[in-house]
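Each chain is listed here by its residues.
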Amino acid sequence: MVNFKKICAGTLLAAAMLGIGGLLPSAEAGRLQDIQERGTLLVGSTGDYKPMSYLNKETGKYEGFDCEVAELLAKSLGVKVQYVPTTWKTLSADTMAGKFDIAISGITRTFARAKDMDMSHGYLLFGKTILCRKEDAKKFTCEADLNKKNVRVMVNPGGTNEKFALSNLPDCTLLVHPQNAEIPSLIAEGKADVMITETMEARRYVRDDARLAAPLIEDPFTKNQFGILMAKGDQEWLNYVNFFMEEKDMDGTLDRLEEEYIK
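Conventions we followed
- Residues numbered from 1 in each chain as written.
- Predicted model: local features only at pLDDT ≥ 70, side-chain atom pairs only at ≥ 80, totals over all residues.
- Heavy atoms only, no water.
- Helix = DSSP H or I, 4+ residues; strand = E, 2+ residues; numbered from the N terminus.
- Buried < 20%, exposed > 50% of the residue type's maximum accessible area, 1.4 Å probe, protein only.
- Contact = heavy atoms within 4.5 Å.
- Areas by Shrake-Rupley, 256 points an atom, 1.4 Å probe, with all protein chains shown as cover.
- Pairing = 2+ DSSP bridges.
- Axes fitted to C-alpha atoms, helices over the stretch in contact; angles between N-to-C directions.
- Phe/Tyr/Trp six-rings, centres within 6.5 Å; stacked < 30°, edge-to-face > 60°.
- Polar contact = N/O pair within 3.5 Å; in protein donor to acceptor, adjacent residues only side chain to side chain.
- Salt bridge = Lys/Arg side-chain N within 4 Å of Asp/Glu carboxyl O.

Secondary structure summary: the protein chain contains 10 helices and 15 strands in total. For the protein chain, the residues scored as buried account for 54% of the 263 residues in total. Nonlocal contacts in the protein chain, meaning residues at least 24 apart in sequence, comprise 73% of its contacts between residues at least 6 apart. Accessible surface, the protein chain: about 12000 Å² in total, of which carbon and sulfur atoms supply 52%.

Structure (structure tokens):
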């Protein structure tokens, strides 16, 4: 968990200067006012990333760590959540086009995203790792074991998993599957050997499917943070989101959600 307390003082000062003060925003023009006048917080989600944000096809509802955060953010504004479907391939374009107020779906903070969009401070620490079949776990002890022609590595298109594979595993047989949520089952069924994923997702699928293993989960290839993504240019809205997340960190809410959904 990223410790927001270390960065809280600066953001609290910025919030005070903008008249935010507490969790209720000031009546300034901009996205905050649009959200409250609309009565809904538009939340972009890929809906395919357990345990962060997942569309339960049986209930038709979005579930997960990030979904609870979105609900709490909406509550702080006195509005309801309305989910807007997006994909990893179209996430950046949809964000910049203003199709939603925030995107929160297990989204990695990257320089490329921060260049064109705004991102909140990081709120969970994680890293890139793999899922494989339990019987194959001893075959994969390091990154070099993946970078072989006879290793079929599966990723979803357009996200950081695909970028990691393209940059670091040029010699593997790379398979791109459009639905991220389907990849763990395809690995378990032998349709591919390895899924590039993140420690959060790997831990959840190993827990849910006894056929799977995550042999490198304690030593991930990278260290990253999740962030909340939004269109660039509304500093008041960015400050509000950061301030809200700092409050949820300090009052223990993020720790509770991490315990419930991830550990």
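We now examine unusual backbone geometry. Across the junction of Lys-50 and Pro-51, the peptide omega takes the value 5°, indicating a cis bond. Turning to its location among the elements, Pro-51 is positioned in the loop between β2 (48–49) and β3 (53–56).

One open sheet accounts for 5 strands, arranged β11-β10-β12-β9-β13; its pairing is mixed. Each of the sheet's edge strands pairs with one partner strand only, and the pair in question is β11 (173–176) and β13 (212–213). Summarising the sheet, strand β9 (residues 128–133) and strand β12 (residues 194–198) pair through 5 bridges and their orientation is antiparallel. Within the sheet, the bridge partner assigned to Thr-129 lies in β12 and is Thr-197. Those strands touched by helix α6 (residues 160–168) are β9, β10 (152–155), β11 and β12, and its axis lies near 120° from that of β12. The strands touched by helix α8 (residues 199–208) within the sheet are β9, β12 and β13, with β12 carrying the most contacts at an inclination of about 120°.

This paragraph deals with the packing of aromatic side chains. For the coordinates displayed, the defined rule picks out 7 aromatic pairs. Ring centres of Tyr-62 and Tyr-83 lie 4.2 Å apart, and the angle between their planes is 25°; this geometry places the pair in the stacked category. With Tyr-62 in strand β4 (residues 61–63) and Tyr-83 in strand β5 (residues 80–85), the pair connects residues that are 21 residues apart, well separated along the chain. Like Tyr-62, the residue Tyr-83 is buried in the burial classification. Taking 5.5 Å as the distance between ring centres and 10° as the angle between the ring planes, the aromatic pair formed by Phe-164 and Phe-221 counts as stacked. Within this pair, whereas Phe-164 is found in helix α6, its partner Phe-221 is found in the loop between β13 and β14 (224–225), the two being separated by 57 residues in sequence. Assessed through its relative accessible area of 9%, Phe-164 is described here as buried. Relative accessible area serves as the criterion here: at 22%, Phe-221 is assigned to the partly exposed category. These aromatic residues form a ring-pair network of at least three members: Tyr-49, Phe-65, Tyr-123, Phe-126 and Phe-226.

On to the sheet that holds β4, then. As summarised here, the arrangement of the 3 strands in space is β2-β3-β4, forming an open sheet in which the pairing is antiparallel. Edge positions in the sheet fall to β2 and β4, since each of these pairs with one other strand and no more. As paired strands, β2 and β3 are joined by 2 bridges and run antiparallel to one another. Each bridged residue has a counterpart across the sheet, and for Asp-48 the counterpart in β3 is Tyr-54.

For the rest of this paragraph, the subject is the side chain of Asp-193. Position of Asp-193 relative to the elements: it lies in the loop between α7 (183–188) and β12. According to the relative accessible area criterion, Asp-193 is buried, its value standing at 10%. There is a polar contact of 3.2 Å between the side chain of Asp-193 and the side chain of Arg-133. Here the side chain of Asp-193 touches Arg-152 through a polar contact of 2.7 Å, landing on its backbone nitrogen. Dropping the residues within four chain positions of it, Asp-193 is found in contact with Leu-131, Cys-132, Arg-133, Phe-140, Asn-150, Val-151, Arg-152 and Ile-187.

Attention now goes to the pattern of salt bridges. Once their charged atoms are close, side chains differing in charge can pair, the charge on each being opposite to the other. In the structure shown here, the tally under the stated rule is 14 salt bridges. Between Asp-193 and Arg-133 there is a salt bridge, with the nearest N and O atoms lying 3.2 Å from each other. One end of the pair, Asp-193, is in the loop between α7 and β12; the other, Arg-133, is in strand β9, and 60 residues separate them in sequence. For the pair Asp-193 and Arg-133, one class covers both residues: buried. Glu-189 is paired through a salt bridge with Lys-191; the nearest N and O atoms lie 3.7 Å apart. Note on Lys-191: relative accessible area 47%, which makes it partly exposed. One network of salt bridges, with partners in common, ties together Arg-133, Asp-136, Lys-139, Arg-152 and Asp-193.

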